[in-house]
Amino acid sequence: MPHTEREELTPKESNQLLLPGGHPPMWNHMDSIGPIGLPHREGVPGCSQEGLPYPSNSSELPVSPQVLECLQQFKVTGTQLQQIQASLLDSMEQALGGQASPASAVRMLPTYVGSIPHGTEQGDFVVLELGATGASLRVLWVTLMGTGGHRMEPRSQEFVIPPEVMLGPGQQLFDFAAHCLSEFLDALPVGKQGLQLGFSFSFPCHQTGLDRSTLISWTKGFRCSGVEGHDVVQLLRDAIKRHGAYNIDVVAVVNDTVGTMMGCEPGVGPCEVGLVVDTGTNACYMEEARHVAVLDEDRGRVCVSVEWGSFGDDGVLGPMLTIFDHALDRESLNPGAQRFEKMIGGLYLGELVRLVLVHLAQRGVLFGGCTSPALLSRGSILLEHVAEMEDPWAGAARVHALLQDLGLNVGASDVELVQYVCAAVFTRAARLCAAALAAVLSRLQHSREQQILQIAVATGGRVFEQHPSFLSILQETVMLLTPECDVSFIPSVDGGGRGVAMVTAVAARLAAHRHLLEETLAPFQLNHEQLAAVQAQMREAMVKGLRGEASSLRMLPTYVRATPDGSERGDFLALDLGGTNFRVLLVRVTAEGVKITNQIYSIPENVAQGSGQQGILLNWTKGFSASDCEGQDIVCLLREAIGRRQAVELNVVAIVNDTVGTMMSCGYEDPRCEVGLIVGTGTNACYMEELRNVAAVAGDSGQMCINMEWGAFGDDGSLGLLRTCFDASVDQASINPGKQSFEKMISGMYLGEIVRHILLHLTSLGVLFRGQQTQRLQTRDIFKTKFLSEIESDSLALRQVRAILEDLGLSLTSDDALMVLEVCQAVSQRAAQLCGAGVAAVVEKIRENRGLEELTVSIGVDGTLYKLHPHFSSLVAATVRELAPRCVVTFLQSEDGSGKGAALVTAVACRLAQMARV
């Protein structure tokens, strides 16, 4: 028999490999990671305790150093697997960050699939698969029935692609695909209806949209000219149009790996990783969009195709490559490329086994030292042959028959040795694949900052289907390489075909849900004209209120006639009554600044709701209901109480609300501060008005601070056009329906409730939470306004949304989290813009009062919403710049405005009184 030239193997050890009864467990060595063997099958004929195949008579079989050295080449140590995991992970992160070179180990290509299935998808879809199973093309008709619907098996037809088409002009290949598509549809009652098609194209591509994908390079034996560098979707569309038989819209282009992930049946948890080991191998997973540099997107997730078949093209796998890997690579269509795939993919495993068998035969170890023309022929041993020969259930007789079919003289010991060769090649492939998958899982666990990552991996491809032990070895290795990951493996349904249809269906669902979401949030998107109208209406209400005319703004004089000028000195006592506490502050104002000493007292419920003996109080809020106070002068009440104590001589100089206190507190630091703003549980504003414009107070010169009480703005119906049905629901459920209209669209007491009502509405439409209502979300005030600040925090991204909503008992997807974020943003943005429109009305009035071309003014601000929300303050400022371009406004955050501000009002009043006496 003829012999072929092969590289010589240099023995490293002179011991023998002994089969059952004396063989060392060389495949069970994982260095520091620990032992991993082939699947353990106790009591199964043809399988040793270590899981390696052996003859049923269990005889000892001495093996020469050449065999030992040959098979030892396929052993991958634990250290090497960890190195692959770390190296691949590093390559992934570089490629995601846009730092990778053109010759990068992996490409990390975004697929523009932004969501995994809901389970609610339904409809009829056509799928065209090209390249998923080598030299064949498959067309499928897939019907999805939605939640609880009867599952309908896809109809499909497979077409063999002639070799001349695989290697010929690209137009010929796509014309062949269009012809197969028409032939398949001709047998169905399709008629002239429009059809949505998902295109499974299983080659490395650069995708720029769900339906736009440029071929980077052919693999798997294809080498059609005129396709690389072109959009394969457009090439298919052109071919379908040339054929002209059916009205088909190519909605999405998907590789088989993404199809495998998307076709996974819903399990306990979401399936967010796809793994294919078929003719070739690849993986995909759902990555945080903010980590994918080429997308320039900071929200949501996107499926990324790892394209790990090219891992090792840069030489990193060098120490693990055998002489057989080098020989296979030289004889391939793409020498030097797809090195990792050539160690794992089903297209190559049979060829690796063939090369080893040829080598051992030529060394006189196998088949009596003879080869055969079939054994020497490239491609004579296929994946299915190797799977059968390695399978202990097949038995020695089947292995014997397969070898005889290759024209080989099979000796007594040959069957067992061939089984060991197959096991060695397959075990290495499974472990290498496991190390690569471990890199993906480590990436997910790190990026999601989860202590234990619970994840489902969808598996697909003929290697998994035909070689059950491949998955067992992969699982064991992954478990040892990523102990912080709880991984379940789920076989994909119908390969990638159903998954490609699912991608198309998900795209349709997302488009429909996006339309409903935008329609719901549209009333919250205020344009310039609407905001300018609010500004004008508030300006008109301010003027009417100052004149004493009917207005939704009370415009109450505070009798504060000046802001601090820095010359104030002395010791002042401030009393701060509010909420559940009462504060007493001693405020010392010196040339060096303001020093505050304070004591806090808890207010007993019997005092807060008892007798009022303790301006004129208009009405109690915040839980107070002390009797005999409303309509009374509370300063007189306080003076009388101090007189009754007779412990200290005090003069009550001023009474101040928190808005005025905020302005005065900031005014001490910045003399230009002439406006106070509160945006917290409630909202209000005050400002320095010209006294001549205040009808309720005598005098024409000087200024006076006006307490606007702007929370009631719009109670006359002037904000009617801006109120949504959600605002109406919140108002009707409040303790004061029809009142505080402006406040209910802006302040912290109400924004969470507005969001909750929107979420209920979107859930009823099926847009959120798969349409499943929960009792907790229907509970009033369950969605706190502080959640908006947390959800919209850039640093926390969507993890915070998920945590908050899961605490409320809501099961959500990443799509749900993204939509909840958008709802929160719409509500808080409207609130900030309305607030900004009100501020613009105030500063423009001050500018016009003084006849200035340009006003420079500062605003003192307090309130938890303003201070804690990550974007509220910047949105307010942007709106003011837009609506009051001739005002240069600086916003100053107040510290202790209610206490320090009250003392400073007193200090200013004393300064003015002293000046009057002089």
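Refer to the structure presented above.
Draft legend 1. Quick look at the overall build of the protein chain. When you go through the protein chain residue by residue, the secondary structure sums to 28 helices and 24 strands. For the protein chain, the residues scored as buried account for 55% of the 918 residues in total. Working note: accessible area of the protein chain is about 37900 Å², and carbon and sulfur atoms make up 51% of it.

Draft legend 2. Quick look at the side chain of Thr724. Here Thr724 is to be found in the loop between strand E22 (703-707) and helix H20 (725-732). If sequence neighbours within four positions are ignored, Thr724 has contacts with Pro523, Phe524 and Arg830.

Draft legend 3. The arrangement of the pairing of strand E9 (residues 212-215) in detail. Along E9, the buried face is formed by Ser213 and Leu215; none of Arg212 and Thr214, which line the opposite face, is buried. Here strand E8 (residues 205-209) runs beside E9; their pairing, made up of 4 bridges, is antiparallel. Bridging from a neighbouring strand, Gln207 pairs with Ser213 of E9. Here E8 folds back onto E9 in antiparallel fashion, the turn holding 2 residues.

Draft legend 4. Main features of the sheet that holds strand E23 (residues 855-862). Pairing in this open sheet of 6 strands is mixed, and the strands run E16-E22-E21-E20-E23-E24 from one edge to the other. Edge positions in the sheet fall to strand E16 (556-557) and strand E24 (887-893), since each has one partner strand and no second. Alignment of strand E20 (residues 673-679) against E23, held across 5 bridges, turns out to be parallel. The residue of E23 that forms the bridge with Cys673 is Ser858.

Draft legend 5. Up close: the pairing of strand E14 (residues 453-460). Counting buried positions over the 8 residues of E14 gives 7, a clear majority of the element. Examined bridge by bridge, strand E11 (residues 271-277) and E14 share 5 bridges and lie parallel to one another. Pairing of Cys271 across the sheet is with Ala456, part of E14. As defined by bridge partners, E14 adjoins strand E15 (residues 485-491) across 7 bridges and the pair is classed as parallel. Residue Ile455 lies in a different strand from E15, and its bridge partner there is Val487.

Draft legend 6. Representation of unusual backbone geometry in the model. Phi is positive for Lys220, close to 60 degrees, though the residue is something other than glycine. Mapped onto the secondary structure, Lys220 falls in the loop between E9 and helix H5 (232-243). A positive phi is found at Tyr559, a non-glycine position, where the angle reads about 65 degrees. Relative to the elements of secondary structure, Tyr559 occurs in the loop between E16 and strand E17 (570-578).

Draft legend 7. Examining empty space enclosed by the protein more closely. Of the volumes computed, that of the largest cavity is approximately 150 Å³. What lines the largest cavity is a set of 19 residues, among which Ser202, Thr281, Asn282, Glu307 and Glu341 lie closest to the centre. Mapped onto the lining of the largest cavity, the elements with two or more residues apiece are helix H6 (256-262) and strand E12 (281-288). Grouping the amino acids of the lining of the largest cavity by side-chain chemistry returns 4 nonpolar, 10 polar and 5 charged. One number sums up the size of the second largest cavity: a volume of about 110 Å³. Those elements that place two or more of their residues in the lining of the second largest cavity are strand E3 (109-110), E8 and strand E10 (248-254).

The rules behind these values
- Every residue gets a number counted from 1 within its own chain, in the order that chain's sequence is written.
- With pLDDT at 70 or above as the cut-off, local features in this predicted model cover only qualifying residues; side-chain atom pairs require 80 or more to be listed or tallied, and sums for whole chains, interfaces and linings still use all residues.
- Calculated side-chain values reflect all of the structure's heavy atoms, with hydrogen atoms and water omitted.
- Under the scheme used here, helices are H or I runs from DSSP no shorter than 4 residues and strands are E runs no shorter than 2 residues, and both carry numbers assigned from the N terminus.
- Accessible area is worked out with a 1.4 Å probe on protein chains only. A residue is then buried under 20% of its type maximum, exposed over 50%, and partly exposed in between.
- The Shrake-Rupley method, run with a 1.4 Å probe, gives the accessible areas here. Residue values count only the displayed protein chains as cover.
- Pairs of residues are marked as contacts when any of their non-hydrogen atoms sit within 4.5 Å.
- In this description, strands pair whenever DSSP reports at least two bridges between them.
- With a 1 Å grid laid over protein atoms only, a set of points is called a cavity when a 1.4 Å probe fits there but cannot get out and a pocket when it is open yet has protein on both sides within 12 Å along at least five of seven lines; lining residues have an atom within 4 Å of a point.
- Grid points are joined across faces, edges and corners, and a volume is the space filled by probe spheres set on the points.
- Residues are grouped as follows: nonpolar covers Ala, Val, Leu, Ile, Met, Phe, Trp, Tyr, Cys and Pro; charged covers Asp, Glu, Lys and Arg; every other residue, Gly included, is treated as polar.

Don't take any of this as a statement about function, it's just geometry.
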